[in-house]
Amino acid sequence: MHVFVTGATGWLGAAVVQELIGAGHRVTGLSRSSEKALALAAAGATVLRATLDDLDVLQGAAAAADAVIHTAFNHDFSRFLDNCEQDRRVIEALGRALEGSSRPLLVTSGLYGMGRGASETDLPNPASPRLSESAARAVAERGVRAATVRLAPSVHGLGDYGFVPILVRLARETGLSAYLGEGNNCWSGVYRQDAARVYRLALEQGVTESVYHAVADEQIPFKVLAGMIGKHLGLPVVSREREHFGWFANMAGADMSVSGARTRELLGWTPQGPSFLADLDQPGYYAG
């Protein structure tokens with residue numbers, strides 16, 4: 001297939017590009033950075049220089065492809081609501097380009113507000129500010145073969161710049177590794193390349209579902225994560241109130257431990273990378 005990938009130079013998107021090209025697919029990848037575009041071209045992809053605001057360009061690329069994978073999202077949390085609205089506009093534009101065809105669209109979302117043990121058939125939390133999945137469902141109602149890949153809160157691996165590094169940085173700044181309350185809320189995790197394989201397998205099997213869960217380790221208590229960070233930084237591990245976490249308090253206290261059993265069964269997907277805790281036990285996670 002010829003696959004158009006947004007976010008093709010990002011943490012997950014670059015792994016998706018690698019996974020697709022390794023399986024013999026042709027990739028056009030979106031990049032707004034000249035430097036990152038060079039790496040994308042070196043990986044074997046055709047580079048499309050544009051931004052998420054260039055909706056006409058994105059539509060044209062989607063119309064020329066056999067499938068679309070949307071991994072791009074602006075993670076500037078100081079303007080999170082604006083970024084959620086931008087994401088919705090992009091998904092609608094990609095969907096318009098695919099209307100009237102059987103060409104699939106895979107979008108990316110998270111697990112915030114899903115609750116412990118939720119499965120792929122459970123609906124997302126309507127109060128979640130992120131609009132990716134609702135936008136995908138709206139596109140699907142217009143006949144597009146659209147689906148959502150819900151990612152574990154930690155898509156881990158050396159080089160990760162997501163939520164765990166935020167916790168590491170907070171621990172360094174405050175001199176302690178903290179958890180909320182009893183710390184019994186659980187996160188889930190998935191190794192970066194394992195997550196990328198979910199996208200490839202879903203495309204190759206025709207995107208028959210509306211939701212897939214890229215989740216390997218399903219239930220890791222937040223207190224255990226804080227303990228691992230404290231161990232490597234040589235800091236005390238203690239309970240703190242929401243104020244300690246600032247803007248990250250909702251995530252730190254969230255229970256994002258869901259089941260990925262249906263995705264494993266449908267796709268024949270077996271995670272192969274290191275576990276969440278094994279990855280976090282590497283000194284490289286705490287360098288710098």
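What comes next concerns the included structure. A quick note: this is a predicted structure, and the numbers were derived from the prediction, not measured.

**A short note on the overall build of the chain**
Thought 1: Helix and strand counts for the chain stand at twelve helices and twelve strands.
Thought 2: Taken over C-alpha atoms, the radius of gyration comes to 19 Å for the chain, in line with the 19 Å a tight globule of 288 residues would show.
Thought 3: Along the first, second and third principal axes, the C-alpha set of the chain runs to 55 × 40 × 35 Å.
Thought 4: Buried residues in the chain amount to 51% of all 288 residues.
Thought 5: By element, 50% of the accessible surface of the chain is carried by carbon and sulfur atoms, the whole surface being about 12,200 Å².

**Notes on the pattern of salt bridges**
Thought 1: Scanning all chains against the criterion turns up 13 salt bridges.
Thought 2: Measuring nitrogen to oxygen at the nearest pair gives 2.6 Å for the salt bridge that ties Glu19 to Arg200. Placement of Glu19 in helix 1 (residues 11–22) and of Arg200 in helix 7 (residues 192–204) is noted, with a sequence separation of 181 residues between them. For the pair Glu19 and Arg200, one class covers both residues: buried.
Thought 3: A salt bridge links Arg137 to Glu133; the shortest N-O distance between them is 2.9 Å. In this pair, Arg137 and Glu133 both sit in helix 5 (residues 132–141), four residues apart, roughly one turn of the helix.
Thought 4: In this structure Arg137 comes out as partly exposed when scored by relative accessible area, which is 27%.
Thought 5: Bridged by salt links that share partners, the residues Glu85, Arg88, Arg89 and Glu92 form one connected network.

**Digging into the sheet that holds strand 9 (residues 186–191)**
Thought 1: Ordered by their spatial adjacency, three strands build an open sheet running 7-9-11, and the pairing between neighbours is mixed. Each end of this open sheet is capped by a strand with a single partner; those strands are strand 7 (154–156) and strand 11 (217–221). Sheet twist, expressed as the mean angle between neighbouring strand axes with direction ignored, is 40°.
Thought 2: Running over the sheet, helix 8 (residues 222–233) touches strand 9 and strand 11 and is turned about 75° from strand 11.

**Here we look at helix 1**
Thought 1: For helix 1, built from twelve residues, the straight-helix expectation of 16 Å at 1.5 Å per residue is met to within 8% by its first-to-last C-alpha distance of 17 Å.
Thought 2: Residues Trp11, Leu12, Gly13, Ala15, Val16, Val17, Glu19 and Leu20 constitute the buried set of helix 1.
Thought 3: Of the residues trailing helix 1, Gly24 is marked for its positive phi of about 95°.

**Some words on the sheet that holds strand 2 (residues 26–31)**
Thought 1: Strand order in the open sheet formed by seven strands is 3-2-1-4-5-6-10, with parallel pairing between adjacent strands. On the outer flanks of this sheet lie strand 3 (46–49) and strand 10 (211–214), each paired with one strand and no other. In this sheet, neighbouring strand axes are inclined to one another by 20° on average, regardless of whether the strands run parallel or antiparallel.
Thought 2: Sheet topology note: the strand 5 (residues 104–109)/strand 6 (residues 145–151) ladder contains six bridges and is parallel. Across the sheet, the residue bridging to Pro104 is Arg145, located in strand 6.
Thought 3: Where helix 3 (residues 55–63) meets the sheet, its contacts fall on strand 1 (2–6), strand 2, strand 3 and strand 4 (67–70), and the angle it forms with strand 1 comes to roughly 155°.

**A word on the packing of helix 6 (residues 163–174) against helix 8**
Working note: a packed helix pair is described by the angle between its axes plus the distance between those axes.
Thought 1: Remark: helix 6 packs on helix 8, axes separated minimally by 10 Å, with the N-to-C direction vectors making an angle of 55°. On the basis of the axis angle, helix 6 is oblique to helix 8. Crossing of helix 6 against helix 8: the hand is right-handed. Along the contact surface, helix 6 presents Leu167, Val168, Ala171 and Arg172, while helix 8 presents Phe222, Ile229 and Leu233.

**Considerations on the nonpolar core**
Side chains of nonpolar character tend, in soluble globular proteins, to be buried together.
Thought 1: Ile69, Leu106, Trp187 and Tyr212 are the most contacted members of the largest nonpolar core, which has 68 residues in total.
Thought 2: If we skip the residues at most four places from it in the chain, Ile69 touches Val3, Phe4, Val5, Thr6, Val16, Leu20, Leu106, Tyr199 and Leu203.

**Brief notes about the side chain of Ser154**
Thought 1: The topology assignment puts Ser154 in strand 7.
Thought 2: Once residues lying within four places of it in the same chain are set aside, the contact partners of Ser154 are Asp160, Val164, Ser188, Gly189, Val190 and Phe276.

**Things to note about the packing of helix 4 (residues 80–98) against helix 5**
Thought 1: Where helix 4 meets helix 5, the closest approach of the two axes is 9 Å, and the angle between their N-to-C directions is 20°. It follows that helix 4 is roughly parallel to helix 5 by the angle criterion. Note on packing geometry: the crossing formed by helix 4 with helix 5 is right-handed. Taking contact as the criterion, the partners of Asp87, Arg88, Ile91, Glu92 and Gly95 in helix 4 are, on helix 5, Ser132, Ala135, Ala136 and Val139.

**Here's the deal with the side chain of Asp87**
Thought 1: Secondary-structure assignment places Asp87 in helix 4.
Thought 2: Of the side chains with opposite charge, Arg130 comes closest to the buried, unpaired Asp87, at an N-O distance of 4.2 Å.
Thought 3: Setting aside residues up to four positions removed in sequence, Asp87 forms contacts with His70, Ala72, Phe73, Arg130 and Ser132.

Definitions and limits used
- Residues numbered from 1 in each chain as written.
- Predicted model: local features only at pLDDT ≥ 70, side-chain atom pairs only at ≥ 80, totals over all residues.
- Heavy atoms only, no water.
- Helix = DSSP H or I, 4+ residues; strand = E, 2+ residues; numbered from the N terminus.
- Rg over C-alpha atoms; globule rule 2.2 N^0.38 Å.
- Buried < 20%, exposed > 50% of the residue type's maximum accessible area, 1.4 Å probe, protein only.
- Areas by Shrake-Rupley, 256 points an atom, 1.4 Å probe, with all protein chains shown as cover.
- Salt bridge = Lys/Arg side-chain N within 4 Å of Asp/Glu carboxyl O.
- Pairing = 2+ DSSP bridges.
- Axes fitted to C-alpha atoms, helices over the stretch in contact; angles between N-to-C directions.
- Contact = heavy atoms within 4.5 Å.
- Expected span 1.5 Å × (residues − 1).
- Parallel < 35°, antiparallel > 145°, perpendicular 65-115°, else oblique.
- Left-handed = near helix turned anticlockwise from the far one by under 90°.
- Core = buried A, V, L, I, M, F, W, Y, C linked by side-chain atoms within 4.5 Å.
- Lys, Arg positive; Asp, Glu negative; His and termini not counted.

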